[in-house]
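# A look at the structure
Chain residues, written in single-letter form:
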Amino acid sequence: NGWKSRALENFVNEFNPDIVWLEGSPLPLMNKVQLYVLKLAGKPASIFIQDDIYSFESCTSLAGRIYKVLLRKSFRKVIGRCKNVFVISPKMKREYDDIFHIESTVITKGIDLNGLPEVIRHPHNPIRLVYMGQVIYGRIFSLIELARAVKRINEDGVKVQLSVYTNNVIESELKKQLLCSEEIRLLPPVPYSEVAGVIADNDVVVYVESFEPQFSKIARLSFSTKITDYLSSGKCIFAVGPGDVAPVEYLIEEDAAIAVTSMDDIETALRGLSYRKVIDYAARARDCAVRNHSKTLIDGKVAECLNSIV
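Report on the accompanying structure. (Residues numbered from 1 in each chain as written. Predicted model: local features only at pLDDT ≥ 70, side-chain atom pairs only at ≥ 80, totals over all residues. Heavy atoms only, no water.)

Moving on to the overall build of the protein. Helix and strand counts for the protein come out as 13 helices and 10 strands. In terms of overall dimensions, the protein is globule-like: its C-alpha atoms have a radius of gyration of 22 Å, near the 19 Å expected for 310 residues. The principal-axis extents of the C-alpha atoms in the protein amount to approximately 70 × 45 × 35 Å. For the protein, buried positions account for 48% of its 310 residues. (Helix = DSSP H or I, 4+ residues; strand = E, 2+ residues; numbered from the N terminus. Rg over C-alpha atoms; globule rule 2.2 N^0.38 Å. Buried < 20%, exposed > 50% of the residue type's maximum accessible area, 1.4 Å probe, protein only.)

As structure tokens, this is what we get:
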């Protein structure tokens, strides 16, 4: 308890917050700190939860389940002190509302609608697919299966290309499997300021999750900021992953992407990538961005909730 210092107490008292904003933490110690700050401040609290902190489904080992027992106890105390609960995905809202008997609010990264690009009108020939992001947590295997489908489709003429941008080190054998065709490129990551430019040079943005249970269960309630970037890109989204993982489930519910929920269906879905379909799903993704993720909408939700408890 060395963190229980006079300096911390003085900081909270001098700052004198109107609201204490908490992060849904996977650390019992952090939850203990948050409870202490709430006691010092004596003010209402809001919490933002971005990962599955409470469910045992995200545990992949016995040690993980034992740890989760301790975490659940501390987390329940924290959430019980909060007037507002913000969550990162509709799936998380449904589960956590039922568990904690609350009415949480879904918030994601907001999109400036004034900066939305036009929907793609003239896809390249061949159609260009791009994946940008991490390949850890089993995502590399979904990408490898996608790459194999690209190779088979191009056997009688090049119809699609795939570019993968990642900062993860890929084992040599897995890299060999990924780069199974000349139409697949593995590239280093680019600065965030250049991401929009790379996406603009392609026709379809790829989103993947792992089908391996030990990984998919960890990610099942989360919602990557990449999703809102993709929705607002003016491009078609090609999503691969289990249908019960929050981002894939959301894209299916909103009909905002070409979604593949089985490894066996990747090639069939890829063969169905006509110019008309690419343009159609680019428009659907953009409509979803406008409907659910505008910065004005998200900021308004947060402001309304915070103002209600001040």
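Now that the structure is up, let's keep going.
Bringing the packing of helix α4 (residues 90-100) against helix α10 (residues 246-253) into the picture now. Where α4 meets α10, the closest approach of the two axes is 8 Å, and the angle between their N-to-C directions is 110°. Taken together, α4 and α10 sit at an angle that is classed as roughly perpendicular. On the side of α4, the interface is formed by P90, K91 and R94, while α10 contributes A246, E249, Y250 and E253. In terms of residue class, the contact of α4 with α10 is built from three nonpolar, no polar and four charged. (Axes fitted to C-alpha atoms, helices over the stretch in contact; angles between N-to-C directions. Parallel < 35°, antiparallel > 145°, perpendicular 65-115°, else oblique. Contact = heavy atoms within 4.5 Å. Nonpolar A, V, L, I, M, F, W, Y, C, P; charged D, E, K, R; others polar.)

The omega angle of the peptide bond from N125 to P126 is 5°, so this bond is cis rather than trans. If you check the backbone angles, N16 has positive phi at about 50° while not being a glycine. Tracing the backbone shows N16 in the loop between α1 (6-15) and β1 (20-23). Overall, N16 belongs to the partly exposed group, its relative accessible area being 46%. Positive phi values are uncommon outside glycine, yet H101 reaches one of about 55°. Relative to the helices and strands, H101 resides in the loop between α4 and β4 (105-106). Taking the relative accessible area as the measure of exposure, H101 reaches 72% and is therefore exposed.

Time to look at the state of the cysteines. Across all of its chains, the model carries zero disulfides by this definition. Take C305: it sits in no disulfide, and the sulfur closest to it among the cysteines is that of C82, at 12 Å. Judged by its relative accessible area of 15%, C305 falls in the buried class. (Disulfide = S-S within 2.5 Å.)

Next up on the list: the packing of helix α2 (residues 28-41) against helix α3 (residues 62-80). For the pair α2 and α3, the least separation of the axes is 9 Å and the interaxial angle reads 15°. Relative to α3, the element α2 lies roughly parallel. Relative to α3, α2 is oriented so that their crossing is left-handed. Packed against α2, whose contacting residues are P28, N31, Q34 and L35, the element α3 presents Y67, L70, L71, S74, F75, K77 and V78 at the interface. Its residues placed into classes, the contact of α2 with α3 shows seven nonpolar, three polar and one charged. (Left-handed = near helix turned anticlockwise from the far one by under 90°.)

This part takes up the layout of surface pockets. Within this model, the largest pocket holds a volume of roughly 1,000 Å³. Lining the largest pocket are 45 residues, with D51, Q134, Y137, R139 and S224 sitting closest to its centre. Looking at the lining of the largest pocket, the elements with two or more residues in it are α3, β5 (127-132), α7 (192-200), β8 (204-208), α8 (213-219) and α9 (225-231). Partitioning the lining of the largest pocket into residue classes produces 23 nonpolar, 14 polar and eight charged. Size it by volume and the second largest pocket reaches roughly 360 Å³. (1 Å grid on protein atoms, 1.4 Å probe; cavity = no way out; pocket = protein on both sides within 12 Å on 5 of 7 lines; lining within 4 Å. Points joined across faces, edges and corners; volume = space filled by probe spheres on them.)

Moving on, we get to the pairing of β8. Across the five residues of β8, five count as buried, placing the element largely inside the fold. Neither face of β8 is exposed, since V204, V206 and V208 on one face and V205 and Y207 on the opposite face are all buried. With two bridges joining them, β5 and β8 adopt parallel strand pairing. Bridging from a neighbouring strand, L129 pairs with V204 of β8. Note: β8 against strand β9 (residues 236-240), five bridges, orientation parallel. The residue bridging V204 from the neighbouring strand is C236, located in β9. (Pairing = 2+ DSSP bridges.)

Right, let's get into the environment of V245. Inspection of the secondary structure puts V245 in the loop between β9 and α10. When its relative accessible area of 0% is taken as the criterion, V245 is described as buried. Sequence separation between V245 and D265 is 20 residues; the distance between their C-alpha atoms is 17 Å. Not counting chain neighbours up to four residues away, the residues in contact with V245 comprise E209, S216, A219 and R220.

For the rest of this paragraph, the subject is the sheet that holds β4. With parallel pairing, four strands are arranged side by side in an open sheet as β1-β2-β3-β4. Single-partner strands in this sheet number two, and they are β1 and β4. Across two bridges, the pairing between strand β3 (residues 82-87) and β4 is parallel. Bridging from a neighbouring strand, V87 pairs with V106 of β4. Packed onto the sheet, α2 meets β1 and β2 (45-49) and runs at close to 175° relative to β1.

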